[in-house]
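# Summary of the model geometry
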Amino acid sequence: MRRLTFIFALLPIVALMSGCAAGEEGGEGISAAAVAEIPVTTASDEALTDYMEGQHALDVGRAQDARDLFRQAAEKDPLFTMAHLNVSNTTNSAEEFNAALDLAAANMSAATEGERLLVQINQTFLDNDVDRRLQLAGQLVDLYPASPRAWVTLAGIQTGLNRHAEARTSLTKALDLDPNHVLAHTNLGFSYLFNDPRDLTEAEVYMGRVVELEPDEPQPQINLGDVYRASQNLDDSRAAYSRALELDPTNGIALVKRGHVNSFLGYYDEARQDYDQSMAVAREQNKANFANYRAFTHVHEGNPQAAVDELERLLASVEGLGIPEDQHDGVKIFILSNQATIAMHHRMLDVAERAIERRSIHVRNISEMFGREDVSRQNEGGIAFWEGMLAARAGDYETARSKAEENANLVEPDNNPRKMEPYHNLMGTVSLLQSDYQEAVGHYRQANLNNIYVKYHLALALEGAGNEDEARALFKEVAEWNFNSVGYALVREDATQRSERARV
């Protein structure tokens, strides 16, 4: 067997495999810096070539290209642990994720210690054992302290725990080892872009550096456009996405994000044109995922019924979009989650109930595919959360509280300090709808405030409790978020109006 160096990709968050419309990720080749990377094992030079090209594609933002190359590497060397692991990292399919991770684990006998640790880290996403995940990442950096990618791996886990200062320290360590490490620059940019304390000037510096390192790749331009968007420079943002399209006219992510900007600017017809073009060039499940954002234009425009109807048509069309069958459940979960959220927000409760019922069927299909008690238990906890939200919106607070307790009991075995966030989100909603504002504030502060929809509801609770200064600041933050999701589409206009009323 032959040992070689590699650059490891960011870990996936798999949980429900619910069809998030993620961007195409990747980066350029290996830096010339003298670093000691984690060795991997393969008997095939051809497999190695595909693997390294796949790692390059992943670092520069081309995850689908990377997945194809990792699949090729695994076909050429079926015992190639890291090829299988990175197939699991880049797949859109819960079934392929599970199968590829099993193959990676089955071939660990000839693998290096670093490979074994990386497989074990990914296995912790199945049982949601975050403490174990952090422990394994610590072992990885202890074993390979001169490996930039080991530090990037640790940073990803720290970020998932909201330990943003620690994550930034780990990423800075990676850059100390290799100043041209594309993914470390990118992840530091995203850290300052999205995570508190935010620093958009720093985000622009790191994203700009990646543009310098990868001038021919579209994704760094897209990431820089995201920084401009957060900085309220929507025209510059749209220009950056257009530059990405000059580099790759078939880049669906750039088209989708330009559509977001057009939505925020009120150019709804132009936004729908961008989304239509993105669907025309998209691969696999992105065909449907991008279409969700087209439906959100109606929400931004103030017509939720049109959005619900468009999502229903999209749901009926999934089988005819050429999406692999093993991705259908995840795609439909994403569509139905969005439809249910819109319907609940606007008290279209019959629509919401039907959407949540159908969503549960597809979540349970994924549980059955995994065939693991821990995955099924976590997914049932998610189902209880959605049923509780519906009950709360319907005014059935006793059932909503019961569903919150059911959620809490189901996730209780998880070794994850963030496992109670959905419980507090649901209980905060119950309290808010009953005008118990102080109680709502207490719960929402313990929910996932990385979710802009949750942050908006915390602002409502603070406003109701008479804490006008903090509410005003949060409404302004929500209004200027400028990153599209169903929750943001639902609250952007109201948050803007509330923040402006507060200034008068």
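Sequence order sets the numbering: in each chain, residues are counted from 1 along the sequence as written. Totals for whole chains, interfaces and linings use all residues, but because this is a predicted model, local features are given only for residues with pLDDT of at least 70 and pairs of side-chain atoms are given and counted only at 80 or more. The basis for the side-chain values is all heavy atoms of the structure; hydrogens and waters are excluded.

### Here's the deal with the overall build of the protein
Heads up, the condition is: Per the convention used, a helix needs a DSSP run of H or I reaching at least four residues, while a strand needs a run of E reaching at least two, with both numbered from the N terminus. With C-alpha atoms as the basis for the radius of gyration, the globule rule is written as 2.2 Å multiplied by the number of residues raised to the power 0.38. Note on exposure labels: buried denotes an accessible area under 20% of the residue type's maximum, exposed denotes more than 50%, and partly exposed covers the range between, all computed with a 1.4 Å probe on protein chains only. The criterion used for residue contact is that any of the two residues' heavy atoms lie within 4.5 Å. Surface accessibility follows the Shrake-Rupley procedure with a 1.4 Å probe radius. Residue values consider only the protein chains on display as shielding. Neither His nor the chain ends is counted toward charge; the positive residues are Lys and Arg and the negative residues Asp and Glu. A charge is said to be at NZ when it belongs to Lys, at CZ for Arg, at CG for Asp and at CD for Glu.
Of regular secondary structure, the protein possesses 25 helices and two strands. Taken against the 2.2 N^0.38 rule, which gives 23 Å for 504 residues, the C-alpha radius of gyration of the protein at 22 Å falls within 12% of a compact globule. Considering only C-alpha atoms, the protein reaches an extent of 65 × 50 × 45 Å along its principal axes. Expressed as a percentage of its 504 residues, the buried residues of the protein come to 59%. Sequence separation of 24 or more characterises 62% of the internal contacts of the protein that already satisfy a separation of 6 or more. Total accessible area on the protein is roughly 19700 Å²; 47% of this is exposed by carbon and sulfur atoms. Across the protein, the centroid of the 46 positively charged side chains sits 2 Å from that of the 77 negatively charged ones.

### Focus: the nonpolar core
Stated formally: Residue types Ala, Val, Leu, Ile, Met, Phe, Trp, Tyr and Cys, when buried and joined through side-chain atoms within 4.5 Å, form a set referred to as a nonpolar core.
Ranked by internal contacts, the top residues of the largest apolar core, which has 150 residues, are Tyr-51, Phe-80 and Ile-342. The residues touching Phe-80, leaving out its near neighbours within four places in the chain, are Val-40, Thr-41, Thr-42, Ala-47, Leu-48, Tyr-51 and Ala-73.

### Here we look at the environment of Asp-329
Selection criterion: Here a polar contact is taken to be a pair of N or O atoms separated by no more than 3.5 Å, where protein atoms must pair a possible hydrogen donor with a possible acceptor and residues adjacent in sequence count only if both atoms sit in side chains.
Among the structural elements, Asp-329 can be located in helix H17 (residues 328-345). For the pair Asp-329 and Val-363, spaced 34 residues apart in sequence, the C-alpha separation works out to 7.2 Å. The residues touching Asp-329, leaving out its near neighbours within four places in the chain, are His-362, Asn-365 and Ile-366. A polar contact of 2.8 Å, which involves the side chain of Asp-329, links it to the side chain of His-362.

### Quick look at the pattern of salt bridges
Definition in use: Here a salt bridge means any side-chain nitrogen of Lys or Arg lying within 4 Å of a carboxyl oxygen belonging to Asp or Glu.
Overall, the coordinates contain 37 salt bridges when judged by the stated rule. The partner of Arg-377 in a salt bridge is Glu-373, with the nearest N and O atoms 3.6 Å apart. With a gap of four residues between them, Arg-377 and Glu-373 both fall in helix H19 (residues 373-393), about one helical turn apart. A residue is classified by how much of its surface remains accessible, and Glu-373, at 57% relative accessible area, is exposed. The salt bridge partner of Glu-480 is Lys-476, with a shortest N-O separation of 3.1 Å. Taking relative accessible area as the criterion, Glu-480 reaches 31% and is therefore assigned partly exposed. Judged by relative accessible area, Lys-476 falls into the partly exposed class, the value being 39%. Each member of the salt-bridge network shares a partner with another, and the members are Arg-62, Asp-65, Arg-67, Asp-68, Arg-71, Glu-96, Glu-217, Arg-283 and Glu-284.

### Focus: helix H6 (residues 130-143)
Stated formally: Expected helix span is computed as 1.5 Å times (number of residues minus one). Summarising the geometry, the arc corresponds to the directions from the helix axis toward the C-beta atoms.
Relative to the 20 Å expected for 14 residues at 1.5 Å per residue, H6 spans 20 Å between its end C-alpha atoms, a close match to the ideal helical length. If you check which residues of H6 are buried, you get Val-130, Arg-133, Leu-134, Leu-136, Ala-137, Leu-140 and Val-141. The buried residues of H6 all sit within an arc of 160° when viewed along its axis, so they share a single face. Against the buried residues of H6 lie helix H5 (113-127) and helix H7 (148-160). Looking at where H6 begins, the residue whose side-chain oxygen comes 3.5 Å from the main-chain nitrogen of Asp-131 is Asp-129.

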